[in-house]
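Spelled out from the first residue to the last, the chains are:
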Amino acid sequence: MKDFIKINPADNVAVAINPLKAGLKVNVDGKEISLTMDIPAGHKFALVDIPEGENVVKYGFPIGHTRHDVKQGEFLDHNDIKTNLKGTLDYSGIAIDNPAPASPGASGKGKEATFMGYERADGQVGIRNEVWVIPTVGCVNGIVKQIVDRVVAETGAEGVDGIFGFPHNYGCSQLGDDHENTKKILRDMVHHPNAGGVLVVGLGCENNQPKDFEKYCGDYDRSRVKFMVCQEVEGDEVEHGAKLLQELYENARNYKRSEQPASKLRIGLKCGGSDGFSGITANPLLGEFSDWVCNVQGGTTVLTEVPEMFGAETILMRRCASDELFKETVSLINNFKEYFLSHGEPVGENPSPGNKAGGISTLEEKALGCTQKSGKSPVFGVLEYGERIHNHGLNLLSAPGNDLVAATALAAAGCQMVLFTTGRGTPFGTFVPTIKVSTNSGLAQRKPRWIDFNAGRLVEDSSMEEVLADFITYVLKVASGEKVNSEKSGIHEIAIFKNGVTL
């Protein structure tokens, strides 16, 4: 196993794979370099002298500039590097690299993969057959919990993959986009294929009026979705809701798994608690997997976390399948920058304390690692927040970097699962299976109840081909019913994006 890696020939820094001691001599491209400082694992050291103000290059791209002179063999972190990012940009000089086909599809160059899923009446395919209770407003969260608890106690949820309620704080005292965001996410959940039954519980006086929300949901399968308004129920609303939920539960038990092509997969791509290994191991693994899903199987993947594209956005823009998608991607980036600027916040101050401790110094460095989750596929769709997938292939989705908000948005778009890479670790899970992929083996060993798959093997003795094959096998098992750690821990959460005032 190597002690360090130089990722791109153009780089003027390398990354320590293991902790390196001051005084150690390393050979890089036939040149001996003596380390003048201790280098923690995942962190960078200079391969040449870098004068103050000169760009630091990693992944073949600038990740910022030096705050002071840096000597060869020295350690660099966020104290030594400053972002180059500014406000909105004019991208008119960027050109699409290679025009893509009019629509995505399987290349026919690989074996068609399958999984065991649940086909719904609308043609969607779920990877779980759960029963959900969704509140239109936070005021009924307690009622929802009582309904779920009662039916779970009576049935044991036998014959389905679980019965869950999804509390949230919204649905009233909201205006404008915030109100629309709440309605969109809840509507998307109503239509999600992982649910074999959905009970929508309203109060009756909220801004998100249950009758209007029902119309907002459009056409739906009335054997699969039911609505209840608590203020209109005579007597015990928990008892009434439990009866409705029991009916949905009995109906959901009739769904059976059947063999489905991998082209039916819709998979979200997310990272959080990133470290210096994220762009070397787990994110490139997801990129290879995304290319396999989109280009070999004809399926769909969705990349989000727009603020974590800043600094690497032109890579995605060049891969847009059309001029119109290019324009939509420019708007995706600049609109999110305007959101930051409208609140008086700089666009480049994204790395968290955990990111910095793990070896990420600037947002550009984070973004160049983050966007690797998208592989090399053309971009065939650009989605607004709360918008559902309508194009196969790689899609970009507008959502913030916040883990639970972004993962919820991916699931709401129609993704049956979310692949989540992490170097620091996190236990959370959104309302679809959330697969945690560790960037380093140490995390996988320390947190076996959090981590589902270890990509740290990629800097040890395993090739990308071997790890990718294992990962594909594992994801298809999850799609066929194998539970991930967050599910085993009973973690099922949602979070909705909020921007404006609360009344």
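Everything discussed here concerns the structure shown above.
Residues numbered from 1 in each chain as written. Predicted model: local features only at pLDDT ≥ 70, side-chain atom pairs only at ≥ 80, totals over all residues. Heavy atoms only, no water.

A word on the overall build of the protein. Counting its secondary structure elements, the protein contains 13 helices and 23 strands. A compact globule built from 503 residues should have a C-alpha radius of gyration of about 23 Å, and the protein, at 24 Å, falls within 12% of that. Every one of the 503 residues in the protein was classed for burial, and the buried ones make up 57%. Summarising the internal contacts of the protein: among those between residues at least 6 apart in sequence, 72% fall at separations of at least 24. Carbon and sulfur atoms provide 48% of the accessible area of the protein, an area that totals close to 19900 Å². Here the protein holds 51 positive side-chain charges and 65 negative ones, and the gap between their average locations is 2 Å. (Helix = DSSP H or I, 4+ residues; strand = E, 2+ residues; numbered from the N terminus. Rg over C-alpha atoms; globule rule 2.2 N^0.38 Å. Buried < 20%, exposed > 50% of the residue type's maximum accessible area, 1.4 Å probe, protein only. Contact = heavy atoms within 4.5 Å. Areas by Shrake-Rupley, 256 points an atom, 1.4 Å probe, with all protein chains shown as cover. Lys, Arg positive; Asp, Glu negative; His and termini not counted. Charge placed at Lys NZ, Arg CZ, Asp CG, Glu CD.)

Given 3.6 residues per helical turn, the α-helix brings residues three or four places apart onto the same face. The end-to-end C-alpha separation of helix 5 (residues 282–296) is 20 Å, in line with the 21 Å expected for 15 residues at 1.5 Å each. Of all the positions in helix 5, only A282, N283, P284, L285, L286, G287, F289, S290, D291, W292, V293 and C294 are classed as buried. Note on helix 5: the residue one or two positions beyond its end, G298, has a positive phi of about 75 degrees. (Expected span 1.5 Å × (residues − 1).)

So, on to the sheet that holds strand 8 (residues 75–76). To summarise the sheet geometry, strands pair through backbone hydrogen bonds and adopt either a parallel or an antiparallel arrangement. Read across the open sheet, the four strands follow the order 1-2-5-8; overall the sheet is antiparallel. In the strand order of this sheet, the two ends are held by strand 1 (4–5) and strand 8, each with one partner. (Pairing = 2+ DSSP bridges.)

One open sheet accounts for three strands, arranged 6-7-9; its pairing is antiparallel. A single partner strand is all that each edge strand has here, and the edge strands are strand 6 (55–58) and strand 9 (81–82). Note that strand 6 and strand 7 (residues 61–66) share three bridges and pair antiparallel. Considered in strand 7, the bridge of N55 is made with H65.

Right, let's get into the nonpolar core. Ranked by size, the top nonpolar core spans 57 residues in total, and within it L285, F289, M417, L419, I435, V437 and F471 carry the most contacts. In terms of residues, this core owes the most to one element, helix 12 (residues 464–479), which gives nine residues. Apart from residues lying up to four places away in sequence, L285 is in contact with V437, F453, A455, L458, M464, V467, L468 and F471. Core analysis: the next-biggest nonpolar cluster, separate from the first, contains 41 residues, M189, F431, I496 and F497 among them. (Core = buried A, V, L, I, M, F, W, Y, C linked by side-chain atoms within 4.5 Å.)

With respect to the element layout, T281 can be found in the loop between strand 17 (266–271) and helix 5. Residue T281 is classed as buried on the basis of its relative accessible area of 0%. Ignoring anything within four residues of it in the chain, the contact list for T281 reads T439, A455, L458 and V459.

What follows deals with the state of the cysteines. Two cysteines whose sulfur atoms are joined by a covalent bond form what is called a disulfide. In total, this model carries zero disulfides according to the counting rule given. Note on C172: no disulfide assigned, nearest cysteine sulfur contributed by C139 at a separation of 6.0 Å. (Disulfide = S-S within 2.5 Å.)

This part takes up the packing of aromatic side chains. Centre-to-centre distance and the angle between the planes together describe a pair of aromatic rings. Per the counting criterion, the structure on display carries 19 aromatic pairs. A centroid spacing of 6.0 Å and a plane angle of 70 degrees characterise the contact between F310 and F340, whose relative ring orientation is edge-to-face. With a gap of 30 residues between them, F310 in the loop between strand 18 (300–303) and helix 6 (313–317) and F340 in helix 7 (residues 323–342) connect regions that are remote in the sequence. Like F340, F310 is buried. An aromatic cluster of at least three residues, connected via ring pairs, comprises F310, F336, Y339, F340, Y385 and F497. In this arrangement the basic side chain of R120 is found over the ring face of Y255, its NZ or CZ atom lying 4.3 Å from the centre. The residue whose ring lies beneath K183 is Y216, and the NZ or CZ to ring-centre distance is 4.4 Å. (Phe/Tyr/Trp six-rings, centres within 6.5 Å; stacked < 30°, edge-to-face > 60°. Lys NZ or Arg CZ within 6 Å of the ring centre and 35° of its normal.)

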